[in-house]
Amino acid sequence: MIELIPAIDIIGGQCVRLTKGDYREKTVYSTDPAETARHFEALGFKRLHVVDLDGAKSRHIVNQDVLRAITSTTRLVVDFGGGIKTDADIETAFDCGASMVTVGSVAVTSPDLFAGWIRKYGADRIILGADVRNGMVSINGWKEDTTTQLLPFLRYYVDQGVRNVLCTDISRDGTLSGPATALYAEVMEAYPTLHLIASGGISSNDDIIELDRHGIPSVVFGKAFYEGKIDIDQLLKTWD
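Residues numbered from 1 in each chain as written. Predicted model: local features only at pLDDT ≥ 70, side-chain atom pairs only at ≥ 80, totals over all residues. Heavy atoms only, no water.

## Digging into the overall build of the chain
Scanning the chain for helices and strands turns up 11 helices and 12 strands. Relative to a compact globule of 240 residues, whose C-alpha radius of gyration would be 18 Å, the chain shows 16 Å and is just as compact. Taking the principal axes of its C-alpha atoms as reference, the chain extends roughly 45 × 40 × 35 Å. Put simply, the chain has 240 residues, and 57% of those count as buried. Intrachain contacts of the chain at a sequence separation of at least 6 include 66% that bridge at least 24 residues. For the chain, the computed accessible surface area is about 10,200 Å², with 45% contributed by carbon and sulfur atoms. One way to put it: in the chain the 24 positive side-chain charges average out to a point 2 Å from where the 33 negative ones average out. (Helix = DSSP H or I, 4+ residues; strand = E, 2+ residues; numbered from the N terminus. Rg over C-alpha atoms; globule rule 2.2 N^0.38 Å. Buried < 20%, exposed > 50% of the residue type's maximum accessible area, 1.4 Å probe, protein only. Contact = heavy atoms within 4.5 Å. Areas by Shrake-Rupley, 256 points an atom, 1.4 Å probe, with all protein chains shown as cover. Lys, Arg positive; Asp, Glu negative; His and termini not counted. Charge placed at Lys NZ, Arg CZ, Asp CG, Glu CD.)

Structure below.
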């Protein structure tokens, strides 16, 4: 049964969505992310994925006050990412109520530091962010492409004890064009023990049903919800 995780992306304290990670292609959906989080909770969701897009761009956490407002006014299990580069950043995220953190860039640029966080905080609290464009991992708010291929990247960290991976196909994110189901199925075939969180391109209930059919453990969605493309009542009834 696939886990349903709505997303809140934050720029300037507002709930937004980008298209393909382009900061110039921004749509504001709410000026109060904490209120949006409470709405998700009222609908029946248990998890929430929060991304500090200002933090990702600035390379340090920026919207910690928004994170604290969300975690202090809901019971949602929040995973938080964006701008986590140092021990101080990760401690800030946890101090502000995040149950888990999603870290991508550091895993590419400072693998020893990231592996140390897995040992220190535990694999259940650290989610490896694997943001992919044309088969290669991208970092720093998707603004820098690397030559790191996805599957070997995952293999290294599976060996380091990683159990949770958030994989986003950047080319589909915010496009409502459907998820990269074949990519996620390939990852699950290679590493069947991973708790893979699929992200990017969700456009309908059918997309989520298809991911579930392929055995994908979790899915993140944002724009499809905000644009009314998902039948929430039916979705939650299906996986209640």
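Additional details are given in the paragraphs that follow.
## Things to note about the layout of surface pockets
In this structure, the largest pocket encloses a volume near 190 Å³. By residue class, the composition of the lining of the largest pocket is 6 nonpolar, 1 polar and 4 charged. (1 Å grid on protein atoms, 1.4 Å probe; cavity = no way out; pocket = protein on both sides within 12 Å on 5 of 7 lines; lining within 4 Å. Points joined across faces, edges and corners; volume = space filled by probe spheres on them. Nonpolar A, V, L, I, M, F, W, Y, C, P; charged D, E, K, R; others polar.)

## Topic: empty space enclosed by the protein
Considering all chains together, one arrives at 2 cavities of 30 Å³ or more under this definition. Taken as a whole, the largest cavity encloses approximately 490 Å³ of empty space. Around the largest cavity, the lining comprises 31 residues; the ones closest to its centre are Val51, Ala56, Gly82, Asp131 and Trp142. Contributing elements (two or more residues each) for the lining of the largest cavity: β1 (3-11), β2 (14-19), β4 (47-52), α2 (53-58), β6 (100-103), β7 (126-133), β8 (136-139) and β10 (164-169). Within the lining of the largest cavity, the residues separate by chemical class into 12 nonpolar, 14 polar and 5 charged. Around the second largest cavity sit 14 residues that line it, and Arg17, Gly201, Ile202, Gly222 and Lys223 are the ones nearest its centre. Residue assignment for the lining of the second largest cavity shows that the elements contributing at least two residues are β12 (218-221) and α10 (223-226). Of the residues assigned to the lining of the second largest cavity, the class counts are 5 nonpolar, 6 polar and 3 charged.

## A closer look at the pairing of β7
Of all 8 residues that make up β7, 7 are buried, and the element is covered over most of its length. For β6 and β7, the ladder comprises 3 bridges, and the chain directions are parallel. By the bridge assignment, Thr102 is partnered in β7 with Ile127. Here β7 pairs with β10 via 6 bridges, running parallel. (Pairing = 2+ DSSP bridges.)

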